[in-house]
Amino acid sequence: MEVRNVSQNGHKVIGTRPIRHDGVDKVTGRAIYGADIQLTGLLFGAIKRSPHPHAKIKNIDTTRAAAHPGVKAVVTAKDLPQIEDKIADLGESVGNLREMSNNVLAYDKALYKGHAVAGVAAVNLHVAQEALELIDIEYELLPHVTNVLEAMEDSAPILHEHLKTNSMGEETDKISNIASHFQHKMGDPESGFSDADIVVEREFTTQTVHQGYIEPHNATALWNEEGQLTVWTSTQGAFSVRDQLAEILQIPVSKIKIVPLEIGGGFGGKISVYLDPVAALLSKKTGRPVKMTMGRDEVFEATGPTPGSYLKVRMGATKEGRLTAATAYMAYEAGAYPGSPVGAGAGCIFTPYDIPNVQIDGYDVCVNKPKTNAYRAPGATNAAFATESVVDEICEKIGKDPLEFRINNGAKEGARRADGPVHPRIGCIETTEAALSSNHYQSSLENSGNGKVRGRGVASGYWFNLNGGRSAISVSINPDGTINMLEGSTDIGGSRSSIAMQLAETIGLEATDIKPYVVDTDSIGYTDVTGGSRTTFGTGLAAHETGKALIQELKSRASKLWEVPIDSVQFSDGVFSCSNDSEKKGTFKEIVSQAGEFGGPVVAQVSTQPDGSGGGAFATHIVDVEVDTETGKVDVLRYTAVQDAGTAIHPSYVEGQMQGGVVQGIGWGLNEEYIYNDTGNMTNASFLDYRMPTSLDLPMIETIIVEVPNESHPYGVRGVGEVPIVPPPAALANAIYNATGIRFRDLPMSPPRVQQALVENNG
């Protein structure tokens, strides 16, 4: 593991590796997750789901289920308010609230297998599941479509009879599964291609992939006699859940309290609500708390995976190795309702490069699959798979080293992205240079024989980072100088500690002096979701500002204690002093021990909303693979991830985020996919059949952290959690080509696909 500092800042806490604040509770099993909640009078809920991928719901009869012994309530979509179209910002994605409501419980049509149709609450889960079988539903089956290109055809089955394609910002009269078409254009692409000595155009496909979080979705709701709704849930954003429930249930936010529990992974998939509104309705009907937890098959079939996609990328370069033009056609599956991450993908697809002439066309397309959701840099991995494969092919054709080519064409400060923004200070070049000089890239790679061939590949990637969003921090100082810090950001990857460390750095304490708590929506100011790689940046900024407020308050207390003017009190390196009297000084804790005598308890509360400026994150990856030419199995021999973290607050957490993203990207590249049969049913909805990498499949992921400080943050922080998933599939594809001489343009590159390609190539 390696950290390369572009600038040294002399921090005392930042850059160290303290034990995480929540570590003991988690390793001892005392941490409370969603399924751990136990309340007096608790009922258990279950969901009736559509067995069909596309069907009209002609009638639902719940009579038999409601009469079943032990059943306390049954709900359908008719128990939900029918709301109007309204677009909501969910942090890493946007959603139409009416469609979100219809996704929670299907109203008139089931749009995918697994679509929720009814909910039951009973004295135990077994009774609830028995009652599901007693709900009688009359369906009218409709033709379905699960492939993005087929869904775009005029003859395709239409999912939404009133959906008119929005093209270039204007609504058309065309009823279609294409929800929208947009275009980004910069320069003159055709002129750019005419200046190129080589032009490469290729088509690519990716399949639907799930985030694969270990903990399934859950919600426990209590709607009490006073009309107050409390929900305990595992979520990436408690306030987002509160807002979604307020709209879907049509009740004021003041009547809703969300208690965020520990979360067993999310990666973007635990922002939208699924069970929460149903549990709330069942609780309202019964007057008792209702707990609901999904089975793994429900998680796969009924929550938001990342989309399958089709991409066509064309790029031109001179023989000297300068990119002159690039175009992309991007069609992403939105699932049952509009809202794929194609917009984000379009913003990322060519961003690691400074290309003068670019055109990008994006299409958001509905298919009979679950509504897609964010998954770690949503849309960017699909895009990078296409671009980085084409770049590798260009480098081969003109005889250029692929990393030197990326350095010569890399994005830099002042370069413009095709979708408009101009880069501030970024670390694209520095990251690629670190990869080029790495021990891994400079090492040799030799074949082992025995029918196995080896290859090396590289790829780069980009993610915007959400340098904005709202965050709140509230702190109180204990008499011993330690600090209780309340925050609203769900801790997924160690953000409790990374935020606490920024507060500690600001006020000159140790990280262990800060006691961070993630609290409910009634106990802290509005805080946006833990997503978009915003949390360590945004909530960390709030912690820094809170620290400054504490310092200012303690300066006031010290001036009273010392009987000196407040403007003579200074603070530096954790020590207060008087500029007029060198004898008057004290550490933070020493001043705190007496501060209560001059104004009561010391507290501070700050909310922030950064303007969104600041550069995104860049990564370049190197991978060595070994391909078994008989079975098609690809083994990852060595992997190095290089990434600009701005400033690594807690380097171990940065490394963990990089390694975790790489592993998920390897799974995406080599094995993971939703497999649908001809009837539109997913055939591998379990961890037995949905093939995710395990520790037995992987080497230790090596990391090189590059630090090019983000100028819009006082400590230079850049989000790190999302960009590491972007390069892996492309890097793997390039490595497999280097080993076998075969270009793979369809994901995943699973053993059957690789074996078939080898047979065809040798035949």
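Sequence order as written defines residue numbering, which begins from 1 separately in each chain. Local features in a predicted model are, by the rule used here, given only for residues with pLDDT of at least 70; side-chain atom pairs are given and counted only at 80 or more, and totals for whole chains, interfaces and linings are based on all residues. Hydrogens and water molecules were not included; the side-chain quantities draw on all heavy atoms of the structure.

## Quick word on the overall build of the chain
Logical step 1: Secondary structure is summarised from DSSP: a helix means a run of H or I of at least four residues, a strand means a run of E of at least two, and numbering begins at the N terminus for each. Secondary structure summary: the chain contains 20 helices and 31 strands in total.
Logical step 2: This radius of gyration counts C-alpha atoms alone. The globule rule is 2.2 Å times how many residues there are, raised to the power 0.38. Against the globule reference of 27 Å for 763 residues, the chain gives a C-alpha radius of gyration of 27 Å, in line with a compact fold.
Logical step 3: On the principal axes, the C-alpha backbone points of the chain span a range of 90 × 75 × 55 Å.
Logical step 4: Throughout, exposure labels follow a simple rule: accessible area from a 1.4 Å probe, protein chains only, divided by the maximum for the residue type, with under 20% read as buried, over 50% as exposed, and the rest as partly exposed. Here the chain, with 763 residues, has 61% of them falling under the buried criterion.
Logical step 5: Here the accessible surface of atoms and residues is derived via Shrake-Rupley with a 1.4 Å probe, and residues count as covered only by protein chains that are part of the display. If you sum the accessible surface of the chain, you get close to 28,400 Å²; carbon and sulfur atoms cover 47% of it.
Logical step 6: In this tally, Lys and Arg are treated as positive and Asp and Glu as negative; His is ignored, and so are the chain termini. Every charge is mapped to an atom, namely NZ of Lys, CZ of Arg, CG of Asp or CD of Glu. For the chain, the distance from the average position of its 65 positive side-chain charges to the average position of its 93 negative side-chain charges is 2 Å.

## Some points on the packing of helix α11 (residues 380-398) against helix α12 (residues 402-409)
Logical step 1: Between α11 and α12, the shortest axis-to-axis distance is 9 Å and the interhelical angle comes to 110°. By the criterion of interaxial angle, the relationship of α11 to α12 is roughly perpendicular. Side by side, α11 and α12 meet where E388, V391, D392, I394, C395 and I398 of the first sit next to P402, F405 and R406 of the second.
Logical step 2: Think of it as three bins: nonpolar holds Ala, Val, Leu, Ile, Met, Phe, Trp, Tyr, Cys and Pro, charged holds Asp, Glu, Lys and Arg, and polar takes everything else, Gly as well. Counted by class, the contact of α11 with α12 contains 6 nonpolar, no polar and 3 charged residues. Angles run from 0 to 180 degrees between N-to-C directions of axes, and those axes are lines fitted to C-alpha atoms, restricted for helices to the stretch in contact. Every angle not falling under 35 degrees, over 145, or within 65 to 115 is termed oblique; those three ranges are roughly parallel, roughly antiparallel and roughly perpendicular. Every residue pair with non-hydrogen atoms within 4.5 Å of one another is taken to be in contact.

## A closer look at the nonpolar core
Logical step 1: Of all hydrophobic cores here, the largest spans 89 residues; its most connected members are M315, M330, F350 and I394.
Logical step 2: When residues in this core are grouped by element, the largest group, 10 residues, is from α11.
Logical step 3: Nine residue types can take part in a nonpolar core, namely buried Ala, Val, Leu, Ile, Met, Phe, Trp, Tyr and Cys, and a core is a set of them joined through side-chain atoms within 4.5 Å. Counting residues in each nonpolar core, the second largest holds 41 residues, with L43, A219, I256 and V299 among its members.

## A word on the pattern of salt bridges
Logical step 1: We count a salt bridge whenever a side-chain nitrogen from Lys or Arg sits within 4 Å of a carboxyl oxygen from Asp or Glu. By the definition in use, this model includes 40 salt bridges.
Logical step 2: Ionic pairing is found between R17 and E655, a salt bridge with its closest N-O pair at 3.1 Å. Here the residue R17 occupies a position in the loop between β1 (2-5) and α1 (23-28), and E655 occupies one in helix α18 (residues 651-670), the gap between them amounting to 638 residues.
Logical step 3: The partner of R638 in a salt bridge is E702, and the shortest N-O contact between them spans 2.7 Å. Of this pair, R638 sits in strand β30 (residues 634-644) while E702 sits in strand β31 (residues 701-707); the two residues are 64 residues apart in sequence, bridging distant segments of the chain.
Logical step 4: Among the charged side chains, a salt-bridge network with shared partners connects R20, D22, K26, E262, D491 and R496.

## Description of the sheet that holds strand β23 (residues 483-487)
Logical step 1: The strand order across the open sheet built from 4 strands is β24-β23-β22-β28, with neighbouring strands paired in mixed fashion. At either margin of the open sheet sits one strand with a lone partner, and together these are β24 (514-518) and β28 (603-608). Taking each pair of neighbouring strands and ignoring which way they run, the sheet shows an average axis angle of 20°.
Logical step 2: In this fold helix α15 (residues 495-507) packs onto β22 (471-477), β23 and β24, with an angle of close to 130° to the strand it touches most, β23. Two strands qualify as a pair provided that DSSP identifies no fewer than 2 bridges between them.

## Details of helix α19 (residues 728-740)
Logical step 1: Taking 1.5 Å of rise per residue, 13 residues should cover 18 Å, and α19 covers 18 Å from first to last C-alpha, within 8% of that figure.
Logical step 2: Of all 13 residues in α19, 12 are buried; the element is thus mostly enclosed.
Logical step 3: Among the residues making up α19, those that are buried are P728, P729, A730, A731, L732, A733, N734, A735, I736, Y737, A739 and T740.
Logical step 4: Taken together, the buried residues of α19 touch α11, β21 (452-463), β29 (617-628), β30, α18 and α20 (751-762).
Logical step 5: Following α19 by one or two positions, G741 has its phi on the positive side, about 80°. Working rule for helices: expected span equals 1.5 Å times residues minus one.

## Overview of unusual backbone geometry
Logical step 1: The linkage connecting L747 with the following residue, P748, adopts the cis geometry, with an omega of -5°.
Logical step 2: Mapping P748 onto the fold places it in the loop between α19 and α20.
Logical step 3: In this model, S533 sits at a positive phi of 55°, which is unusual for a non-glycine residue.
Logical step 4: With respect to the secondary-structure elements, S533 resides in the loop between β24 and α16 (535-562).
Logical step 5: S533 sits in the buried class, given a relative accessible area of 12%.
Logical step 6: Although it is not a glycine, D573 sits at a positive phi angle of roughly 55°.

## Notes on helix α4 (residues 125-132)
Logical step 1: Of the residues making up α4, those classed as buried are V127, A128, A131 and L132. For α4, the buried positions fall inside an angular range of 150° around the axis, keeping them on one side.
Logical step 2: The distance from a side-chain oxygen at the start of α4 to the backbone nitrogen of H126 is 3.0 Å, and the residue carrying that oxygen is N124. An arc is given here, and it is the one of the directions from the helix axis to the C-beta atoms. A 3.5 Å cut-off defines polar contacts: any pair of N or O atoms within that distance qualifies, except that in protein one atom must be a possible hydrogen donor and the other a possible acceptor, and neighbouring residues in sequence count only when both atoms are side-chain atoms.

## Digging into the packing of aromatic side chains
Note on aromatic pairs: each is described by the distance of the centres and the angle between the planes.
Logical step 1: Aromatic contacts are taken between Phe, Tyr and Trp rings whose centres are within 6.5 Å, Trp giving its six-membered ring; a plane angle under 30 degrees counts as stacked, one over 60 as edge-to-face, and the others as tilted. In this structure the tally under the stated criterion is 15 aromatic pairs.
Logical step 2: Between Y462 and F618 the ring centres are 4.8 Å apart and the planes differ by 45°, which places this aromatic pair in the tilted class. In this pair, Y462 is assigned in strand β21 and F618 in strand β29, connecting sequence segments 156 residues apart. The pair Y462 / F618 is uniform in exposure class, with both members buried.
Logical step 3: When the ring of Y674 is compared with that of Y676, the centres are 6.2 Å apart and the planes differ by 40°; the resulting orientation is tilted.
Logical step 4: Take Y674: its relative accessible area is 3%, and that puts it in the buried class.
Logical step 5: Taken together, F300, Y674, Y676, F687 and Y690 form an aromatic cluster joined through their ring pairs.

## Points about the sheet that holds strand β26 (residues 575-578)
Logical step 1: Strand order in the open sheet made by the 3 strands is β25-β26-β27, with antiparallel pairing throughout. Two strands bound the open sheet, and with one partner strand each, they are β25 (569-572) and β27 (581-587). Ignoring strand direction, the axes of neighbouring strands in this sheet form an average angle of 25°.
Logical step 2: In this sheet, β27 lies alongside β26 in antiparallel orientation, the contact comprising 4 bridges. The partner of F576 across the bridge, within β27, is G586.
Logical step 3: α16 rests against β25, β26 and β27 of the sheet, and its axis sits at about 135° to β25.
Logical step 4: The sheet strands contacting helix α17 (residues 588-595) are β25, β26 and β27, and the helix crosses β27 at an angle near 85°.

## Some words on the packing of α11 against α19
Logical step 1: Running from N to C, α11 and α19 point in directions that differ by 35°, and their axes come no closer than 8 Å. Considering only the axes of α11 and α19, their crossing is right-handed. The residues of α19 that touch α11, namely those facing T381, A384, F385, E388, S389, D392 and E396, are P729, A730, A733, N734 and Y737.
Logical step 2: Split by residue class, the contact of α11 with α19 holds 6 nonpolar, 3 polar and 3 charged. What makes a crossing left-handed is the near helix being turned counterclockwise from the far one by less than a right angle; a clockwise turn instead makes it right-handed.

## Points about the pairing of β26
Logical step 1: Burial along β26 is one-sided: F576 and C578 are buried, while V575 and S577, pointing the other way, are not.
Logical step 2: With 4 bridges joining them, β25 and β26 adopt antiparallel strand pairing. Its bridge partner being in β26, Q570 is matched across the sheet by S577.

## Some details on the side chain of N734
Logical step 1: One can find N734 in helix α19.
Logical step 2: Overall, N734 belongs to the buried group, its relative accessible area being 2%.
Logical step 3: Separated by 3.5 Å, the side chain of N734 and the backbone oxygen of E388 make a polar contact.
Logical step 4: At a separation of 3.0 Å, a polar atom in the side chain of N734 contacts the main-chain carbonyl oxygen of V458.

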